[in-house]
Amino acid sequence: MYSSVVVCSSSNSIVEFLSLNQLDIEKNITMNTEPNFCDCLCSVLMSRRNKRKRKRMAEKLTDIELTGIILEETKPRTLGGDPSSVLLQEDDIETGRGTLRVAVQGDRSKAAIITYHDIGLNHVTNFQGFFSYGDMQPILRHFCVYHINAPGQHDGALPLMQRQEIGDPKAPVNFTIVEVDASNGCATTTLAATASLDNISNQETGDTVGLTPQLNMKYHFPSMDELSEMILPVLQFYGIKHFIGFGMGAGANILTRFALNHPEKVDALALVNCTASVSGWTEWGWQKLNTWYLKSGSMTGFTEDYLLWHWFGQKTVDQNYDLVRMYRDTMKHINPHNLALFIESYTKRTALAVHRDLPKLGVKSTPGKNTGARALDCDVLLMAGDNSPHLDAMVDMNSRIDPSKTSWMKISDCGGMPLEEAPEKVCDAFRLFLQGLGYVPFMSQTKIMESRSAASRASLLGAGGGGRGSITGTTHQTPVVQEQEAEC
C-alpha cells in the first residue's frame, strides 16, 4: 500500500513523503525529522490501522445470525399457579361473632396446621405462596392446612353490615324504635327492642314490628380475644382435636391468645412478627388515620404505603420493586370497610398475658408483677427478618417465653415478610422445628433437594405456572391429594 503524506513540523518545514510504504515512512521519520513530528505521524498511522481493524471485526460480526435465541416478555410476579395441582376446599363457618371463611389444603385425615393472617392480608396473599413453595411440598404430604380468614377479609367479601342484613336474618340485633306523630313529624315515644332481621319484638308490649332494610345497623367487629375464641367452632366443624398454629402479625397474636386459653389444643406455634404488647402512640396515630380513610370506602395511597411498610419494612419497599408491586395490586381486592374494622380491633388489643415460668428457672418471681399472666406450654418458633419493622417486638416476645421451649430465628437479608422474601430459609427452619416435635422424622435435606430439582425440571419443560412454581387453586369440592405419602 502506497500513500502520500504532507506534514508540517515545528520548524515550519514541509516534509513530503511520496510513494513510500508504511515501514519506509516510519524509517525516514526516525532518521530525518524532529521528535514532535515523529510522534504526530506515528499517531496518525496507528489511528488508521485501528480503524481498519475495527472495520474488519465489524464485517465478521455481521455474518453472525442469532437464530437460536427466543425472546420472551417478562411475566409479572403473581400468587396464582396451576389450579390442577392442589385443590382447596372453602367453607363458610358461622360463629357467634360472625362468619369465618376457611380454606382447606390437603388430606383432612393428616395432622392439622391452622394459619391466621395479618391485617390487610388473607390466606391467599399471606400463605398461599409459601405453602405452594416447592420445598414445602414434601412436608405438606404429612399435614392438612386450614387457612382461617378473619370476618370479611377474604377476596370479594361484602361489607360486614350488608352481610348482617342479607346473610343472617335470624341474628339478634338491638334496635331503638322511635314512634313518629304523622301530623307534625315529631317523635312521641322511644322504645328499646331486641329482634332478628325477620321481625322486632317490643320488650314492653310484645308486639312484633316489621323490619325494613333501611334500618341503620352497626356491626361490632370481634376483639382480639373474641377472634381467638372463634377458632373453637372451626375445630368443632372439622373435628380437629389439636393442631400446630402458624400465624403472622395480628394472626400470630390471635393464635397465641388461643394457646394461652386452650393449651390442650395447641401442639406448637410458628409465629412471624408477633407483638405481645399494646399498641404505642405512634402506631395508634397511624392506624387511626388509616381507619378514617378506609371507612370512607377507598384505599388511599397513604394507607397503601403504611401497609407495605407494616408488611415488609422500608428497605424491602425501596429495593424489591417486583414484590411490592404485586402486593400493591392485591390491595385492590380488599374491602376497605372490613379492613378498617380489623385494624381497629388490632389497634385496641390488650397485652398478651404471657410470661416466663420463673420458678422453674430458679428465679424468685416478684409478687404481683405477673398477676394473671401465664406461660405458654407449647413449643414456639419465632421468626423475623433482620430488617423487619417488628424486630424489637419479637425480641420482647422472646423475652416472655420459656427459652427451653422457644426457638428464635432472625433471618438475614430479609424484611418483614420472610414467607415471601426468604421462603427457603423459613421452610428449612419449619422442617427442623417439626422434626424436633416428632413430625416427619424421616425427611432429610436430600429429599428436599430432590423435590427442588424436580420442580426446576418441570419449570424448564414448561409445566410450571406463574410465580415461584405456585401450586394453588380454588374449588368447593372435596380436597384431593395428587401425591401419595411416601412410605417410611
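Residues numbered from 1 in each chain as written. Predicted model: local features only at pLDDT ≥ 70, side-chain atom pairs only at ≥ 80, totals over all residues. Heavy atoms only, no water.

### A closer look at the overall build of the protein
Scanning the protein from terminus to terminus reveals 17 helices and 14 strands. The buried share of the protein, reckoned over its 488 residues, is 43%. Of the contacts formed within the protein by residues at least 6 apart in sequence, a portion of 69% connects residues at least 24 apart. Accessible area for the protein stands at about 26,000 Å²; split by element, carbon and sulfur atoms hold 53% of it. (Helix = DSSP H or I, 4+ residues; strand = E, 2+ residues; numbered from the N terminus. Buried < 20%, exposed > 50% of the residue type's maximum accessible area, 1.4 Å probe, protein only. Contact = heavy atoms within 4.5 Å. Areas by Shrake-Rupley, 256 points an atom, 1.4 Å probe, with all protein chains shown as cover.)

### What to know about the packing of helix α9 (residues 281–294) against helix α13 (residues 336–347)
Orientation of α9 relative to α13, taken along the N-to-C sense of each, is 160°, at an axis distance of 8 Å. Relative to α13, the element α9 is oriented roughly antiparallel. Along this stretch, α9 crosses α13, giving a crossing that reads as left-handed. Here Glu-283, Trp-284, Gln-287, Thr-291 and Leu-294 of α9 come into contact with α13, specifically with Pro-336, His-337, Leu-339, Ala-340, Ile-343, Glu-344, Tyr-346 and Thr-347. (Axes fitted to C-alpha atoms, helices over the stretch in contact; angles between N-to-C directions. Parallel < 35°, antiparallel > 145°, perpendicular 65-115°, else oblique. Left-handed = near helix turned anticlockwise from the far one by under 90°.)

### Here we look at the pattern of salt bridges
Tallying each qualifying case throughout the model produces 10 salt bridges. Across the pair Arg-349 and Glu-283 runs a salt bridge whose closest N-O atoms are separated by 3.1 Å. Of the two residues, Arg-349 is situated in the loop between α13 and β13 (379–385) and Glu-283 in helix α9; the sequence distance between them amounts to 66 residues. Arg-349 gets classed as buried once you look at its relative accessible area, which sits at 5%. Within this structure, Glu-90, Asp-92 and Arg-101 form a network of salt bridges that share partners. (Salt bridge = Lys/Arg side-chain N within 4 Å of Asp/Glu carboxyl O.)

### Comments concerning the nonpolar core
Grouped together as the largest cluster of nonpolar side chains are 96 residues, with contacts concentrated most on Tyr-116, Tyr-146, Phe-243, Phe-246, Trp-311, Tyr-327 and Phe-430. What Phe-430 contacts, discounting residues up to four positions off in sequence, is Ile-113, Met-136, Phe-246, Ala-270 and Leu-381. (Core = buried A, V, L, I, M, F, W, Y, C linked by side-chain atoms within 4.5 Å.)

### As for the sheet that holds strand β5 (residues 111–116)
The strand order across the open sheet formed by eight strands is β3-β4-β6-β5-β11-β12-β13-β14, and the pairing between neighbours is mixed. Each edge of the open sheet carries a strand with a single partner, namely β3 (88–95) and β14 (406–411). The average undirected angle you get between the axes of adjacent strands in this sheet is 20°. Pairing geometry for β3 and strand β4 (residues 98–105), over eight bridges, is antiparallel. Across the sheet, Leu-88 pairs through a bridge with Gln-105, a residue of β4. Sitting on the sheet, helix α8 (residues 250–261) is in contact with β5, β11 (243–248) and β12 (266–272), with an inclination near 145° to β11. Running at roughly 160° to β13, helix α14 (residues 391–399) makes contact with β12, β13 and β14 of the sheet. (Pairing = 2+ DSSP bridges.)

### Considerations on the packing of helix α7 (residues 231–238) against α8
One way to put it is that α7 packs onto α8 with a least axis distance of 11 Å and a crossing angle of 75°. When the axes of α7 and α8 are compared, the pair comes out roughly perpendicular. Across the interface between the two elements, Ile-231, Leu-232 and Leu-235 of α7 pack against Ile-254, Leu-255 and Phe-258 of α8. Looking at the contact of α7 with α8 residue by residue, the classes come out as six nonpolar, no polar and no charged. (Nonpolar A, V, L, I, M, F, W, Y, C, P; charged D, E, K, R; others polar.)

### Focus: the packing of aromatic side chains
A complete count under the given rule lists 20 aromatic pairs for this structure. Note on Phe-127 and Phe-131: the rings are 6.2 Å apart at their centroids and 55° apart in plane angle, and the pair reads as tilted. One end of the pair, Phe-127, and the other, Phe-131, are both in helix α3 (residues 123–131), four residues apart, so they sit about a helical turn from each other. Each member of the pair Phe-127 and Phe-131 is classed as buried. Taking 4.9 Å as the distance between ring centres and 85° as the angle between the ring planes, the aromatic pair formed by Phe-237 and Tyr-238 counts as edge-to-face. Classification of Phe-237 by relative accessible area gives partly exposed; the value is 47%. Cluster of aromatic residues (ring-pair linked, three or more members): Trp-286, Trp-292, Tyr-293, Phe-302, Tyr-306 and Trp-309. (Phe/Tyr/Trp six-rings, centres within 6.5 Å; stacked < 30°, edge-to-face > 60°.)

### Topic: the pairing of β11
Burial analysis of β11 places six of its six residues in the buried class, the great majority of the element. Across four bridges, β5 lies against β11 in parallel orientation. Looking across to β11, one finds that Ile-114 is bridged to Gly-245. Pairing between β11 and β12: six bridges, direction parallel. Directly across from Ile-244, in β12, lies its bridge partner Ala-268. Handedness of the β11-α8-β12 crossover: right-handed. (Right-handed = clockwise from strand over helix to strand, strands pointing away.)

### Here's the deal with the side chain of His-123
With respect to the secondary-structure elements, His-123 resides in helix α3. Those residues in contact with His-123, other than ones at most four positions away along the chain, are Leu-88, Glu-90, Ala-103, His-117, Gln-128, His-147 and Asn-149.

### What about α9?
Helix length check: α9 (14 residues) gives 20 Å between terminal C-alpha atoms against 20 Å at 1.5 Å per residue, within 8%. Three or more residues of α9 are buried, namely Glu-283, Gln-287, Asn-290, Thr-291 and Leu-294. Considered in projection along α9, the buried side chains sweep an arc of 95° and stay on one side of the axis. Away from its buried face, by an angle of more than 90 degrees, α9 presents the exposed residues Trp-281, Thr-282 and Trp-292. Along its buried surface, α9 packs onto α10 (301–312) and α13. (Expected span 1.5 Å × (residues − 1). Arc of directions from axis to C-beta.)

Function cannot be read off these values alone, since they describe shape.
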